[in-house]
Amino acid sequence: MKVYFYSKEEGKVDQKNIHEKIIKFFKENGVIVLSNLESRPATAEQLSFENMDGLVIEGQSSVTDAGYLIALALAQRKPILYLLPKGTLFPDQLRSLQENKSLKKSFLLHYYSERTLVNFLVDFIDIIETGELRREVPTVKFTLRFTPRADRFLTWKSRQQKISKADLLRKMIDEAIKSDEEYQKHLRIPKIEKE
């Protein structure tokens with residue numbers, strides 16, 4: 001998997017830390033990262049989005065700086081993760097992407113904090129791998145109690161995968177749904193009720 005990471009370097013320490021965290025996360029998870037922030041920026045040949053799986057933009061700076069990359073990625077139908085720090089105003093230049101139903105599927109805009117950043121990166125990898133550009137948003141509240149042993153396992157496993165325990169459980173259930181052949185048959189064959 002290969003992604004292009006773009007951000008405008010402004011010399012802020014907190015912004016540099018975010019850049020490093022994003023690049024480190026991808027590299028630790030087996031993703032090849034090309035970036036304008038590297039000492040040797042990507043060549044035009046490397047930047048071809050035919051060879052990329054996605055585009056990640058940390059957008060503290062002007063949107064117009066990344067406009068060309070967004071257009072390239074959209075033209076190649078590659079998913080885009082546009083990250084903005086929480087509290088940042090929504091850029092007017094992006095409004096048309098958010099309002100256009102067909103483009104909105106490929107353009108993911110998230111407001112991040114230090115705590116939520118990794119979750120958005122994990123979701124983006126899942127989107128690239130599964131081809132699903134919009135995952136279901138959890139809306140059903142469910143209370144569940146665990147033994148200390150089960151909680152230790154969930155804590156350990158979630159730390160290994162760098163996701164929250166809730167996301168880990170959701171992922172495990174999604175995998176069980178996909179692998180359960182009998183349930184899949186049940187979903188595909190609509191029941192006809194006798195009158």
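Comments concerning helix α5 (residues 117–130)
Compared with an ideal rise of 1.5 Å per residue, which puts 14 residues at 20 Å, α5 spans 20 Å between its outermost C-alpha atoms and is within 8% of the ideal. Counting buried positions over the 14 residues of α5 gives 10, a clear majority of the element. L117, V118, F120, L121, V122, F124, I125, D126, I127 and I128 are the residues of α5 that are buried.

Focus: the packing of aromatic side chains
For the structure on display, the rule yields three aromatic pairs. Ring centres of F25 and F26 lie 5.8 Å apart, and the angle between their planes is 65°; on these two criteria the pair is classed as edge-to-face. For the pair shown, F25 and F26 are each scored as buried. With centroids separated by 6.1 Å and ring planes inclined at 40°, the aromatic side chains of F153 and W156 adopt a geometry described as tilted. Taken together, the residues F153 and W156, both in helix α6 (residues 148–161) and three residues apart, mark about one turn of the helix. Residue F153 is classed as partly exposed on the basis of its relative accessible area of 40%.

As for the nonpolar core
Counting residues in each nonpolar core, the largest one holds 26 residues, and the members touching the most others are I22, F26, L83 and L121. Looking at this core element by element, the count peaks at nine residues for α5. Residue contacts for L83: discarding those within four places in its chain leaves I22, V56, I57, E58, G59, H110, Y112, L117, F120 and L121. Y6, L55, A66 and A73 belong to the second-largest nonpolar core, a separate cluster that totals 19 residues.

Each value, and the rule that gives it
Residues numbered from 1 in each chain as written. Predicted model: local features only at pLDDT ≥ 70, side-chain atom pairs only at ≥ 80, totals over all residues. Heavy atoms only, no water. Helix = DSSP H or I, 4+ residues; strand = E, 2+ residues; numbered from the N terminus. Expected span 1.5 Å × (residues − 1). Buried < 20%, exposed > 50% of the residue type's maximum accessible area, 1.4 Å probe, protein only. Phe/Tyr/Trp six-rings, centres within 6.5 Å; stacked < 30°, edge-to-face > 60°. Core = buried A, V, L, I, M, F, W, Y, C linked by side-chain atoms within 4.5 Å. Contact = heavy atoms within 4.5 Å.

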